[in-house]
Amino acid sequence: MADHHARRERRDRAVHAAVARGLLDPDEAPVAAFVDVAGIAESARELLAAWPAGVEVLHAFAAKANPLVPVLALLRRHGLGCEVSSPGELAQARAAGFAPERIVLDSPAKSRRELVDALSCGIALNIDNFEELERVDALVAGAESAPRRVGVRINPQVGVGSIVAMSTAGQTTKFGIALADPGNREALLRAYAERPWLRWVHVHVGSQGIPLELNAEGVAEAVAFAQEVNALRPGQVEGIDVGGGLPVDFTGDEDTPTFGDQVAALRAAAPELFSGAFKIVTEYGRSLLAKNGFLASRVEYTKTAGGRAIALTHAGAQVAARTVFAPEAWPLRVLAYDRHGLPSTAELEVQDVAGPCCFAGDLLARERKLPKLQTQDVVVVPDTGAYYFSSPFQYNSLPMPPVFGFDTDETGTGDVMFRLMRAAETLDELVARSGTL
Ligand SMILES: *Cc1c(COP(=O)(O)O)cnc(C)c1O
């Protein structure tokens, strides 16, 4: 399991070094994001090691979790593939150097153009609904060769987890073909029987808040369906795409549950998945990246209001939209460092940690007991490597902050090395995306 002490130590050293090198200059760069390059290597290694050697697995990282091209390229070098859900994510995956056969396209609303692109390039495709299946029929009929790798996403309707918006296997969820609806199972079995090129089954039960057992139950439904197809036409379904959704614990530095825990749950619920009869694709996002990135911001001002201590920072909804808009579902830790980037030793006090946006709800933390923050201190928001600074929100025209990858100096001095992964957005660039006169 990942050494969470090492993770915390790397973060502390990175914060200190970032301050020392002016990467968090109070005037020039009051907010920045950081990616733990060694942590990504460790997470990728753990994922690869968690799956048994006897099955053929492609781990396709869900690009939406962190679509920064250098991050995607890093994951590619660690042996992962890439799961994409839009033309933009596909372009990012291509820019990161993924070969078409290492890319999987999922989206509930693929345009005809996207389908043509995927089919002609040999990108794996998961069909969402019966209408899309008909559209693909027409494209396949006109093609010279059989499509390389097409599947159908089923909705196993096994139920929702603790965050309904992130659950994709409810009775009425928008994704996939609802397998238990009257007539659908039979219709889908017929669809496979009539189309020998339908070779995969896809399922993704949800993203955060899904218990391992519920996820495994959904995967078991996909496996059972694949076996039903294969009972009629032996060998037709060659692979199961089991989706992602391993939940992340946002309360500490540990990875719990682990990839190994999820594999164990799958083994218990769907042992046939590991029989060697099926190839496997996984689509993990959050569990690979969340703990390998953090945000850091200077405290610009402090004040009190109605007796409440408030620290005003530069990290708000533009970099942490989920937490600001749905704080109950997406709580984040906030860590206090002093102006030199050392862990703060100030006395604890109950405080709000606010962002820069012009609405009162722009808070990263409410009534949080933290070392008393002062102007120029640094607040660090860990566990934001997935779905946070990598997918900024444009409200209030706050520019995207820079993102730095950090690693230890290879010469063994123990120094922290930074590499710019995304430059801070300039005001000229911001104006350029603000329409034309
Ligand atoms: C979002 C998504 C994932 C990744 O989910 P995580 O919770 O980040 O692991 C995988 N597959 C599909 C189809 C998704 O929509």
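Basis of the calculations
Residues numbered from 1 in each chain as written. Predicted model: local features only at pLDDT ≥ 70, side-chain atom pairs only at ≥ 80, totals over all residues. Heavy atoms only, no water. Disulfide = S-S within 2.5 Å. Buried < 20%, exposed > 50% of the residue type's maximum accessible area, 1.4 Å probe, protein only. Helix = DSSP H or I, 4+ residues; strand = E, 2+ residues; numbered from the N terminus. Polar contact = N/O pair within 3.5 Å; in protein donor to acceptor, adjacent residues only side chain to side chain. Domains from an automatic or database assignment. Contact = heavy atoms within 4.5 Å. Buried area = accessible area lost by both parts, 1.4 Å probe. Salt bridge = Lys/Arg side-chain N within 4 Å of Asp/Glu carboxyl O. Near = heavy atom within 4 Å. Areas by Shrake-Rupley, 256 points an atom, 1.4 Å probe, with all protein chains shown as cover. Nonpolar A, V, L, I, M, F, W, Y, C, P; charged D, E, K, R; others polar.

1. Considerations on the state of the cysteines
Under the definition given, this model contains 0 disulfides. No disulfide involves Cys82; its nearest neighbouring cysteine sulfur is the one of Cys121, lying 15 Å away. Classification of Cys82 as buried rests on a relative accessible area of 0%. You can see Cys357 has no disulfide; the closest cysteine sulfur is in Cys358, sitting 7.2 Å from it.

2. A word on the side chain of Arg7
With respect to the helices, strands and loops of the structure, Arg7 is situated in helix H1 (residues 4-20). Here the side chain of Arg7 touches Asp255 through a polar contact of 3.4 Å, side chain to side chain.

3. Focus on the environment of Gly183
Here Gly183 lies in the loop between strand E7 (177-178) and helix H7 (184-194). For Gly183 and Pro211, which are 28 residues apart along the polypeptide, the C-alpha to C-alpha distance reads 29 Å.

4. Some details on the domain arrangement of the protein chain
The domains assigned to the protein chain are domain 1 (4-36 + 290-432) and domain 2 (37-289). Relative placement of domain 1 and domain 2: their C-alpha centres are 33 Å apart. At the junction of the two partners, domain 1 supplies 30 residues and domain 2 supplies 29 residues. Between domain 1 and domain 2, a total of about 2,600 Å² is buried, with carbon and sulfur atoms accounting for 56% of that surface. Counting across the domain 1 and domain 2 interface gives 3 salt bridges. Among the salt bridges present, the one from Arg7 reaches Asp255, with a minimum N-O distance of 3.4 Å.

5. Let's talk about the site of the ligand
Surrounding the ligand, one finds 14 residues, the nearest of these being Lys64, Ser207, Glu283, Arg286 and Tyr387. Within the backbone of Gly285, a nitrogen or oxygen atom sits 2.9 Å from an oxygen atom of the ligand. With the chains in place, 95% of the 390 Å² that the ligand exposes on its own is no longer accessible. Broken down by class, the residue content of the shell around the ligand amounts to 3 nonpolar, 5 polar and 6 charged.

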